[in-house]
Each structure stands twice: as structure tokens, then as C-alpha cells.
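The chain contents come next:
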Amino acid sequence: NAGVMQNPRHLVRRRGQEARLRCSPMKGHSHVYWYRQLPEEGLKFMVYLQKENIIDESGMPKERFSAEFPKEGPSILRIQQVVRGDSAAYFCASSSLGSGNTIYFGEGSWLTVV
Amino acid sequence: DAKTTQPPSMDCAEGRAANLPCNHSTISGNEYVYWYRQIHSQGPQYIIHGLKNNETNEMASLIITEDRKSSTLILPHATLRDTAVYYCIVRLNFGNEKLTFGTGTRLTIIP
């Protein structure tokens, strides 16, 4: 898991607040993936981004969730008006450009909504 | 939907080889077999991947059957730190396709 950096590692938000989760991919990686893991459940794909482009957002909830990966800086997963059901671990992963390149994960950000 | 089938749980004695099976009978010719594991409260960790030949690295060996419809991940000398959920995933070998996780196998190493 070395290299993919996520912060914060733990975040507590009250219902209705916004949560911002950051992900810095491994050096040289230009592809970022976000996954969510609800308590006692499996890993679910949310979104796949390249620099400045969303490639696949088929797993993103339609409302309140957004993601970006700007030309400079980390990828951001933003959750607006959080609800208790958003409490989960959010994992970021990255890979380099090229066919079939291995995807590496970060250690996750744990969001708790109170 | 995940394209693989794994037993939900397995036990293995510490020091023994852990053999984790995976069925992927609908795998296509341009799909790799990937293995990841997730230790409790940590991010998924890449272990190994292969296309059709057996592979070995410092963590594990991957044995893929000749017809590619199943594979086995082998941890040669399991330790307590190998207790985790192990995921077998098939993934296209072109583009940067996402990983689709199933329910995996919960491996428990017994002291």
C-alpha cells in the first residue's frame, strides 16, 4: 500500500455537514479510483478518474457525491450534506497509464457521521 | 457483478501452506486473474496476478489451470499476519479497467 496517501484517516462530521476526502496517488500514477466499504460489507466501486476527467462514475450516488482530480494536487471525494448512512471507509487507489497496470490502494479514510 | 467464485471461509494452521481456490469459468482470453487481500481495517493489498502461466513473487504463488477456468493462490508458510479476506478478481488486460470485488475468502490462520 505504500505510496497512495489518503487524508484524513479519520473524519467525524455532523449530519448536514460536508466531508472532503483527499487522495494523492503513487508517484507517476495518473489514474485514481475511489471505493466505499460500508461496515461489515464489501468494497464497492464509486468512480474512476484521470487527470481532469471523470472516466467512469457508474458507482457514484446520484446526489451529494462528487469527485475531481485536478491537473495539480490530489483527487478529492466530496460528500455534501452527509447522512448517517455515509459512515464508511473510503479507499482510494491509483495506477499508471498503460494497459493492465496494477492498481494500488491507500489505507483509507474512515468517515463517521454523528 | 464479480466473475469469480470463492469459498467464504477457510482455516489454515500456522506454518503450513494456505491454498485458496478460485473459480472463474467465464474468463475471457484477455482477462487477467488478480489477487488482493484486506487485513482488518486496512486498505486492500495487491498480492499477485497472472494471465495463463504460473506466477511467483515474494508473497505468494499463483497456479492457473490450463483451461484458465480456475486458479489457486498459495501462501507457502502462513503466519498469523496472513489472516485476512482474500479476493480473486478477473480484469481486462487493456485499458485501466476498475477492479470489481466479490465477497472473497476469509482466511484464518490458526496458531
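Residues numbered from 1 in each chain as written. Chains lettered and ligands numbered in written order. Predicted model: local features only at pLDDT ≥ 70, side-chain atom pairs only at ≥ 80, totals over all residues. Heavy atoms only, no water.

Notes on the overall build of chain B
Helix and strand content of chain B: zero helices and nine strands. Going from the N terminus to the C terminus, chain B shows its helices and strands as β-β-β-β-β-β-β-β-β. Computed over the C-alpha atoms, the radius of gyration of chain B is 13 Å, within 12% of the 13 Å expected from 2.2 N^0.38 for a compact globule of 111 residues. By its C-alpha atoms, chain B is 40 × 30 × 25 Å across when sized along the principal axes. Residue burial in chain B is summarised as follows: out of 111 residues, 43% are buried. Considering only contacts within chain B whose residues lie at least 6 apart along the sequence, 57% involve residues at least 24 apart. Carbon and sulfur atoms form 49% of the exposed surface of chain B, whose accessible area is close to 5,600 Å². When the 10 positive and 10 negative side-chain charges of chain B are each reduced to one mean point, those points stand 3 Å apart. (Helix = DSSP H or I, 4+ residues; strand = E, 2+ residues; numbered from the N terminus. Rg over C-alpha atoms; globule rule 2.2 N^0.38 Å. Buried < 20%, exposed > 50% of the residue type's maximum accessible area, 1.4 Å probe, protein only. Contact = heavy atoms within 4.5 Å. Areas by Shrake-Rupley, 256 points an atom, 1.4 Å probe, with all protein chains shown as cover. Lys, Arg positive; Asp, Glu negative; His and termini not counted. Charge placed at Lys NZ, Arg CZ, Asp CG, Glu CD.)

Section: the state of the cysteines
Using the criterion set out here, one finds two disulfides over all chains in the structure. The disulfide bridge from A:Cys23 ends at A:Cys92, spanning 1.8 Å between sulfur atoms. Disulfide A:Cys23-A:Cys92: the torsion about the S-S bond is -60°, which places it as left-handed. Separated by 69 residues along the polypeptide, A:Cys23 in strand 3 (residues 19-24) and A:Cys92 in strand 9 (residues 88-95) bring together distant segments of the chain. Shown here is the disulfide that connects B:Cys22 with B:Cys88, its sulfur atoms set 2.1 Å apart. Because the torsion about its S-S bond is -80°, the bridge between B:Cys22 and B:Cys88 counts as left-handed. (Disulfide = S-S within 2.5 Å.)

Section: the sheet that holds strand 1 (residues 9-13) of chain B
Residues and elements named next belong to chain B. Taken in spatial order, the five strands line up as 1-9-8-3-4 in an open sheet, and their pairing is mixed. A single partner strand is all that each edge strand has here, and the edge strands are strand 1 and strand 4 (45-50). Neighbouring strand axes in the sheet, compared pairwise and without regard to direction, differ in orientation by 25° on average. Note that strand 3 (residues 31-38) and strand 4 share five bridges and pair antiparallel. Across the sheet, the residue bridging to Trp35 is Ile48, located in strand 4. (Pairing = 2+ DSSP bridges. Axes fitted to C-alpha atoms, helices over the stretch in contact; angles between N-to-C directions.)

Digging into the nonpolar core
Judged by nonpolar contacts, the single largest core of 22 residues is most densely connected at A:Trp34, A:Met46, A:Leu77 and A:Tyr90. Judged by nonpolar contacts, the second largest core, of 21 residues, contains B:Cys22, B:Ile47, B:Ala84 and B:Ile109. (Core = buried A, V, L, I, M, F, W, Y, C linked by side-chain atoms within 4.5 Å.)

Things to note about the packing of aromatic side chains
With the rule as written, the count across this model stands at 14 aromatic pairs over all chains. Seen in terms of ring centroids, A:Tyr35 and A:Phe105 are 5.5 Å apart; in terms of plane orientation they differ by 55°. Their pairing is tilted. On the criterion of sequence distance, the pair formed by A:Tyr35 in strand 4 (residues 31-37) and A:Phe105 in strand 10 (residues 104-105) is long-range, its members being 70 residues apart. Overall, A:Tyr35 belongs to the buried group, its relative accessible area being 0%. A centroid spacing of 6.1 Å and a plane angle of 65° characterise the contact between B:Tyr36 and B:Phe101, whose relative ring orientation is edge-to-face. Within this pair, whereas B:Tyr36 is found in strand 3, its partner B:Phe101 is found in the loop between strand 8 (84-92) and strand 9 (105-110), the two being separated by 65 residues in sequence. (Phe/Tyr/Trp six-rings, centres within 6.5 Å; stacked < 30°, edge-to-face > 60°.)

With respect to the pairing of strand 9 of chain B
Residue and element names in this part refer to chain B. Burial along strand 9 is one-sided: Thr105, Leu107 and Ile109 are buried, while Arg106, Thr108 and Ile110, pointing the other way, are not. Here strand 1 runs beside strand 9; their pairing, made up of five bridges, is parallel. Pairing of Met10 across the sheet is with Leu107, part of strand 9. Pairing geometry for strand 8 and strand 9, over three bridges, is antiparallel.

Things to note about the environment of B:Asn93
If you trace the backbone, B:Asn93 turns up in the loop between strand 8 and strand 9. Put simply, B:Asn93 and B:Glu31 are 62 residues apart on the chain and 5.5 Å apart in space, counted from C-alpha to C-alpha.

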